[in-house]
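Listed below are the residues making up each chain.
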Amino acid sequence: MNICRRCKITINDDAMMCPLCHGILEDTDIEADEELDDPETYDSRSITYPDVTPVSRTLHFIMKLLIFASVVAGFTTVVINAVLFNGFWWSLIVCMSLAYGCFVVLYVFRTRKSLQKLIQVQMVVGILFLIALDFALGYSAWSVKYAIPIILVATDVSVAVIMLVGDDNWQSYVMTEIVTFLFSVVMIVLGVFVKVNILDVSIFSIGAVVITGLLLATTIVFGDRIIQNELRRRFHI
Amino acid sequence: MSKKKSKDIKWNRLDNTANLFPVIAREGMSNVYRVSVVLKEDIDPEELTKAVNKVLPFFDVFKARMKKGLFWYYFEKNSNPFPEIREESTYPCMYINPYDNREYLFRVTYYKNRINLEAFHALTDGNGALTFLREITYQYLRNVHPELKEKVRDSLAATTSLDIEDSYVSNYKKGAKRPYKTKKALIIKGEKLLINQLSVIHGLIDIGDIKRVAKSYGVTINHYLVAAFTWAIYKSYLKEQPSKDPIVTAVPVNLRPYFDSDTLKNFFVVVSAVFDVERENMTFEEILEITTKSLKEQITKEHLEKLFSYNVSNEKNLILRSVPLFIKSIAMRMVYNESARANTTTLTNLGVIPVPDEYREYIERFLAVLSMSKGQSLKATVISYGDELVLTFSSAFRGTGIQRTFFRKLSEDGIKVSIETNGVNYE
């Protein structure tokens, strides 16, 4: 039995010293001929808990390396661009792409998330990236006219495929369908009514509203009570 | 889309307290607690897996995943199979990422002769978790000791309730006013361990000893322990000097006995033992008197009712309910950050664990461990079984001065204490 005379308590661990006051314990199982000068002899450990080894930091290191390499690459392109400047800051596009790439990798691999959340966040960040790219290239509205509607439809179709293929929790993807449909409508509304001259209504935008709307309607009609219940849960106040 | 099996997915709202936890939980502040049972024999993982899989379907509170609605989080039935039960290999009370855990919000692990149940606090409180742990343990024991089936039914215990009512809502009084003001408490600071590292020290105490000592002071065991903890902070951290901020020990109170509830969901409130440190060299007896008076004033049915009625009234307010979740989350985080400054530490007593006689010969003890929260990097949990009371300190601090002063105080009072740790304090 190990006793700490200072704290007046018994220590049940396989310990040479008290975990509270770090004083040497009395009445331990040390043999008389053991080398007490050897610090190894003073090792103390729990006998009721595992010796927890630090979680592998390999992934952490790769992520840090990725960010570092991106910063170096971005900085290098800015310097080259500045030295050989011909009136166009092309390095901005490189930096934006690197930032987008880093975000995607970090977001996907840092912690595990629901597939639906991954899809939604990728969609929103992708839209922001394309708008930024469009502006970096002098803004000709290709992002809002073509690219964003295509992203919205692509997202919606992907989700429909997931629902059909048979994810056990398929009904929850109706939320992504609602989000893509609302985004499509907002694109049209901004273009038609606000007339900020940033968003022009294109055949692609109209197509996106029609396709996302039809897919949502199809889910609601054929999903029947399953979808009704899902919406009731999601929107309960 | 004709999967009829998911047509009527069972779902339910989070209880009043649970609403906060998904908003504030993160790596390093997991809001996960652990309850464990130590058997007198090593655990067979296969039989433990069978036991969990047999018991889990009865417990809707645990067989759930959390989803995010536009206005509130909610639980729905989790149809995924429960993950493989593994040997304990991390520090206790680590953050539970549901997507690493087949969307379950609790985990079961084992180590040697101990079964651990770690639960996210949004599911239930310690009382609910202990009910589930006991059923897993009984089922496990019936599996490995078939002779037990001749003495007891091979099903859930007759004393177990599966009720999942929100007892806050069933028992609140309308129109309650805010019963407390948030006042800044002393916040203990010190060198911290690595993120997610947790120091655990179990103090094993003879119930007869502590009962005798508490009686000699004329107080209950709980009052005595709260005072000893406060005393340890005053003596070890404040060095018996006055402080402008009081030492406030949060004491969760199980509301079930007060409101005749058997719910498996959260049903507790937190009262505070407040000690205004006005002068130096105060005696233990003085501190005991102050903290006991503070607790006695608050632990009355009327006061406890007031404590949760205000929060439930807010939850019931239609205007507040209609606020989208992301705005509510910001507001809740702000309120939490403010109120987190109101407590120095927490001491929770899960009481005496009742176990049918048939199983008692197989069970050594029960343990409980709390995770850290904002401003509180040292907490204590008390749980009793048979003739033994186990007081567990969990801490994110490297130092153990407060724990040392606490246990020395108990020893000075003539209480026999032996301790077990998870080894962190030897590093």
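Since the structure is predicted, the reported quantities are computational estimates derived from the model, not experimental observations.

What counts and how
Residues numbered from 1 in each chain as written. Chains lettered and ligands numbered in written order. Predicted model: local features only at pLDDT ≥ 70, side-chain atom pairs only at ≥ 80, totals over all residues. Heavy atoms only, no water. Helix = DSSP H or I, 4+ residues; strand = E, 2+ residues; numbered from the N terminus. Contact = heavy atoms within 4.5 Å. Lys, Arg positive; Asp, Glu negative; His and termini not counted. Charge placed at Lys NZ, Arg CZ, Asp CG, Glu CD. Phe/Tyr/Trp six-rings, centres within 6.5 Å; stacked < 30°, edge-to-face > 60°. Buried < 20%, exposed > 50% of the residue type's maximum accessible area, 1.4 Å probe, protein only. Lys NZ or Arg CZ within 6 Å of the ring centre and 35° of its normal. Pairing = 2+ DSSP bridges. Axes fitted to C-alpha atoms, helices over the stretch in contact; angles between N-to-C directions. Salt bridge = Lys/Arg side-chain N within 4 Å of Asp/Glu carboxyl O. Expected span 1.5 Å × (residues − 1). Core = buried A, V, L, I, M, F, W, Y, C linked by side-chain atoms within 4.5 Å. Domains from an automatic or database assignment. Parallel < 35°, antiparallel > 145°, perpendicular 65-115°, else oblique. Nonpolar A, V, L, I, M, F, W, Y, C, P; charged D, E, K, R; others polar. Buried area = accessible area lost by both parts, 1.4 Å probe. Polar contact = N/O pair within 3.5 Å; in protein donor to acceptor, adjacent residues only side chain to side chain.

S.K.: So, the overall build of chain B: which residues are in play, and what are the values?
M.R.: Counting secondary structure elements, chain B contains 13 helices and 15 strands. Taken along its principal axes, the extent of the C-alpha atoms in chain B is 75 × 55 × 40 Å. Counted over contacts in chain B with a minimum sequence separation of 6, partners at least 24 positions apart contribute 77%. Looking at charge distribution, chain B has the averaged site of its 62 positive side-chain charges lying 7 Å from that of its 52 negative ones.

S.K.: With reference to specific residues and values, describe the packing of aromatic side chains.
M.R.: Residues and elements named next belong to chain B. Within this structure, the stated rule accounts for 32 aromatic pairs over all chains. Each ring, one from Phe82 and one from Phe106, has its centre 4.8 Å from the other, and the planes form 15 degrees; the classification is stacked. With Phe82 in the loop between strand S4 (73-77) and strand S5 (86-87) and Phe106 in strand S6 (residues 106-111), this residue pair connects regions lying 24 residues apart in the sequence. The interplanar angle of 80 degrees and the centroid separation of 6.1 Å between the aromatic rings of Trp231 and Phe284 together place this pair among those described as edge-to-face. Of this pair, Trp231 sits in helix H6 (residues 221-237) while Phe284 sits in helix H8 (residues 284-298), and the two are 53 residues apart along the sequence. Assessed through its relative accessible area of 11%, Trp231 is described here as buried. By the ring-pair criterion, three or more aromatic residues cluster together here, those being Phe59, Phe62, Phe82, Tyr104, Phe106 and Phe132. When the ring centre of Trp72 is taken as origin, the NZ or CZ atom of Lys328, which lies over that ring, is 3.9 Å away. Above the plane of the ring of Phe284 lies Lys409, whose end atom (NZ or CZ) is 4.2 Å from the centre.

S.K.: Can you break down the sheet that holds strand S8 (residues 199-206) of chain B residue by residue, with the values?
M.R.: With mixed pairing, nine strands are arranged side by side in an open sheet as S1(A)-S2(A)-S15(B)-S8(B)-S14(B)-S13(B)-S11(B)-S9(B)-S10(B). The sheet terminates laterally at strand S1 (2-4) of chain A together with strand S10 (268-275) of chain B, the two strands that pair on one side only. Strand-to-strand twist in this sheet, taken as the mean axis angle between neighbours without regard to direction, amounts to 25 degrees. One ladder, built from two bridges, connects strand S9 (residues 247-254) of chain B with strand S11 (residues 345-352) of chain B; its direction is parallel. Each bridged residue has a counterpart across the sheet, and for Ala250 of chain B the counterpart in S11 of chain B is Thr346 of chain B. Contacts from H8 of chain B reach S9 and S10 of chain B, with the element oriented near 150 degrees to S10 of chain B.

S.K.: I'd love a proper account of the pattern of salt bridges, names of residues and values included.
M.R.: Residues and elements named next belong to chain A. Enumeration over the complete set of coordinates arrives at 31 salt bridges over all chains. Between Glu230 and Arg233 there is a salt bridge, with the nearest N and O atoms lying 2.8 Å from each other. Taken together, the residues Glu230 and Arg233, both in helix H6 (residues 203-234) and three residues apart, mark about one turn of the helix. With respect to burial, Glu230 and Arg233 carry one shared label: buried.

S.K.: With reference to specific residues and values, describe helix H1 (residues 58-83) of chain A.
M.R.: Residue and element names in this part refer to chain A. Over its 26 residues, H1 extends 37 Å from the first C-alpha to the last, a length consistent with the 38 Å expected when each residue adds 1.5 Å. Taken residue by residue, H1 has Met63, Ser70, Gly74, Thr77 and Asn81 as its buried positions. Where H1 is buried, its residues meet helix H2 (91-109).

S.K.: Which residues make up the nonpolar core, and what values go with them?
M.R.: Residue and element names in this part refer to chain B. If you look at the biggest cluster of nonpolar residues, it comprises 77 residues, and the most contacted ones within it are Leu48, Phe106, Val108 and Phe366. Of the residues forming this core, the biggest block, eight residues, is contributed by helix H3 (residues 126-144). A domain split of this core shows at least three residues from each of domain 1 (9-164) and domain 2 (181-426). Contact partners of Phe366, with chain neighbours within four places excluded, come to Ser36, Val37, Leu130, Leu133, Arg134, Ile353, Val355, Ile383, Tyr385 and Val390.

S.K.: Can you explain the pairing of S4 of chain B? Please cite residues and give values.
M.R.: Remark: a regular strand shows side chains that alternate across the two faces of the sheet. Residue and element names in this part refer to chain B. Within S4, four of the five residues are buried, which leaves it mostly tucked inside the rest of the structure. Both strand S1 (residues 11-13) and S4 contribute to a ladder of three bridges, which runs antiparallel. Considered in S4, the bridge of Arg13 is made with Tyr74. Pairing of strand S3 (residues 64-68) with S4 involves five bridges; the strand directions are antiparallel. The residue of S4 that forms the bridge with Met66 is Phe75. In sequence, S3 turns back onto S4 through a hairpin of four residues.

S.K.: Before we move on, can you summarise the packing of helix H5 (residues 207-217) of chain B against H6 of chain B with the specific residues and values?
M.R.: All names here are of chain B. Where H5 contacts H6, the axes come no closer than 9 Å and their chain directions differ by 85 degrees. One finds that H5 runs roughly perpendicular with respect to H6. Counting all contacts with H5, which are made through Ile210, Lys211, Val213, Ala214 and Tyr217, the residues of H6 involved are Ile221, Tyr224 and Leu225. Counted by class, the contact of H5 with H6 contains seven nonpolar, no polar and one charged residues.

S.K.: Talk me through the pairing of strand S13 (residues 378-385) of chain B; I want residue IDs and the actual numbers.
M.R.: Residues and elements named next belong to chain B. Along S13, eight of the eight residues are buried, which leaves the element largely enclosed by surrounding structure. The two faces of S13 match: Leu378, Ala380, Val382 and Ser384 on one face and Lys379, Thr381, Ile383 and Tyr385 on the other face are all buried. Note: S13 against strand S14 (residues 388-395), eight bridges, orientation antiparallel. Note that in S14 the partner of Lys379 across the bridge is Ser394. The loop that links S13 with its antiparallel partner S14 comprises two residues; one of these, Gly386, has a positive phi angle of about 60 degrees.

S.K.: How would you summarise unusual backbone geometry if you had to cite specific residues and measurements?
M.R.: Positioned with a positive phi, His22 of chain A is a non-glycine residue whose angle comes to about 60 degrees. In this structure, His22 of chain A sits in the loop between strand S2 (9-11) and H1. Even without being glycine, Lys112 of chain B reaches a positive phi, approximately 50 degrees. Tracing the backbone shows Lys112 of chain B in the loop between S6 and strand S7 (114-120). Exposure remark for Lys112 of chain B: the relative accessible area of 39% places this residue in the partly exposed category.

S.K.: Could you give an account of the interface of chain B and chain A, naming the residues involved and the relevant values?
M.R.: Opposite the 54 residues of chain B that make contact, chain A presents 46 residues. Carbon and sulfur atoms make up 55% of the surface buried where chain B meets chain A, a total of about 4,700 Å² over both sides. Our enumeration of links across chain B and chain A arrives at two salt bridges. A salt bridge links Asp100 of chain B to Arg112 of chain A; its shortest N-O distance comes to 3.3 Å. For the pair chain B and chain A, the interface holds 26 residue pairs in polar contact (both at pLDDT 80 or more). At the level of secondary structure, the elements contributing two or more residues to the side of chain B that touches chain A comprise S1, S3, S4, S8, helix H13 (401-412) and strand S15 (417-421) of chain B. Residue composition of the side of chain B that touches chain A, grouped by class: 20 nonpolar, 16 polar and 18 charged. Note: S2 of chain A against S15 of chain B, two bridges, orientation parallel. Considered in S15 of chain B, the bridge of Ile11 of chain A is made with Ile419 of chain B.

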